Amino acid sequence: MADKDVEQTDERGCVPAPWWADLGTWGAVALIVFGGLAAAWVFLRLPGTPEEPVFGYYGAAKVIAIGLVAVGGTLLSRRRTRAAAVEETNERDRT
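Residues numbered from 1 in each chain as written. Predicted model: local features only at pLDDT ≥ 70, side-chain atom pairs only at ≥ 80, totals over all residues. Heavy atoms only, no water.

> Teacher, can you tell me more about the overall build of the protein chain here?
When you go through the protein chain residue by residue, the secondary structure sums to two helices and zero strands. Looking at the 95 residues of the protein chain, the share that counts as buried comes to 14%. At a minimum sequence separation of 6, the contacts of the protein chain that also span at least 24 residues come to 59%. For the protein chain, the exposed area adds up to about 8,200 Å²; of that, 60% sits on carbon and sulfur atoms. (Helix = DSSP H or I, 4+ residues; strand = E, 2+ residues; numbered from the N terminus. Buried < 20%, exposed > 50% of the residue type's maximum accessible area, 1.4 Å probe, protein only. Contact = heavy atoms within 4.5 Å. Areas by Shrake-Rupley, 256 points an atom, 1.4 Å probe, with all protein chains shown as cover.)

Rendered as structure tokens:
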């Protein structure tokens with residue numbers, strides 16, 4: 001097969017988003033609550049807790065951090081959208 005017979009494109013497909021990208025506000029709040037429950041589970045040394053509690057707290061902290069980032073991103077996005085809508089309304093009123 002010659003090189004010119006093979007079609008080569010430099011077009012890149014859709015980049016997969018992380019699993020937490022489309023959680024929304026309530027999904028992120030649920031992650032924060034779940035992380036808090038996981039930390040309480042480790043603190044109370046309930047069944048399934050790792051022998052070293054540091055690893056359990058680390059996992060819980062990661063879940064809480066992802067939830068906080070998702071909530072922050074969602075709220076900032078809403079604020080920007082609302083601010084853009086207000087600016088657009090003000091420009092219409094001026095003209």
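> When you look at a nonpolar patch on the surface in this model, what are you seeing that I'm missing?
Among the surface-exposed residues, Trp 41, Phe 43, Leu 44, Leu 46 and Tyr 57 lie close enough to one another that they form a single nonpolar patch of about 530 Å² accessible area. What makes Tyr 57 partly exposed here is its relative accessible area of 35%. (Patch = residues over 30% accessible without salt bridge, like charges linked within 9 Å, V, L, I, M, F, W, Y side chains within 5 Å. Salt bridge = Lys/Arg side-chain N within 4 Å of Asp/Glu carboxyl O.)

> Looking at this structure, I do not really get the side chain of Thr 74. What am I missing?
With respect to the helices, strands and loops of the structure, Thr 74 is situated in helix 2 (residues 53-94). Setting aside residues up to four positions removed in sequence, Thr 74 forms contacts with Gly 24 and Thr 25.

> I keep staring at the environment of Ala 70 and nothing clicks. Help me out?
Tracing the chain through its elements places Ala 70 in helix 2. Considering only alpha carbons, one finds Ala 70 and Trp 26, 44 residues apart in sequence, at a separation of 9.8 Å.

> Could you clarify how one ought to interpret helix 2 in this entry?
An α-helix turns once per 3.6 residues; consequently, residues spaced three or four apart project the same way. With 42 residues, helix 2 should reach 62 Å at 1.5 Å per residue; the first-to-last C-alpha distance of 61 Å fits that figure. Pro 53, Gly 56, Ala 60, Gly 67, Ala 70, Val 71 and Thr 74 are the residues of helix 2 that are buried. On its buried face, helix 2 is in contact with helix 1 (24-43). (Expected span 1.5 Å × (residues − 1).)

> Whenever I open this one, the packing of helix 1 against helix 2 confuses me. Can you help?
What describes two packed helices is the angle between their axes and the distance between those same axes. Viewed as axis vectors pointing N to C, helix 1 and helix 2 meet at an angle of 165°, and their least axial separation amounts to 8 Å. Considering their axes alone, helix 1 and helix 2 lie roughly antiparallel with respect to each other. Along this stretch, helix 1 crosses helix 2, giving a crossing that reads as left-handed. (Axes fitted to C-alpha atoms, helices over the stretch in contact; angles between N-to-C directions. Parallel < 35°, antiparallel > 145°, perpendicular 65-115°, else oblique. Left-handed = near helix turned anticlockwise from the far one by under 90°.)

> Looking at this structure, how should I read helix 1?
With 20 residues, helix 1 extends 29 Å between its outermost C-alpha atoms, agreeing within 8% with the 28 Å of an ideal straight helix rising 1.5 Å per residue. Those residues of helix 1 that fall on the buried side of the exposure criterion are Thr 25, Ala 28, Leu 31, Gly 35 and Val 42. With its buried residues spanning 125° around the axis, helix 1 presents them on a single face. Those residues of helix 1 that are exposed and angled more than 90 degrees off the buried face are Trp 26 and Leu 37. Tucked inside the fold, the buried residues of helix 1 contact helix 2. Note on helix 1: the residue one or two positions beyond its end, Arg 45, has a positive phi of about 55°. (Arc of directions from axis to C-beta.)

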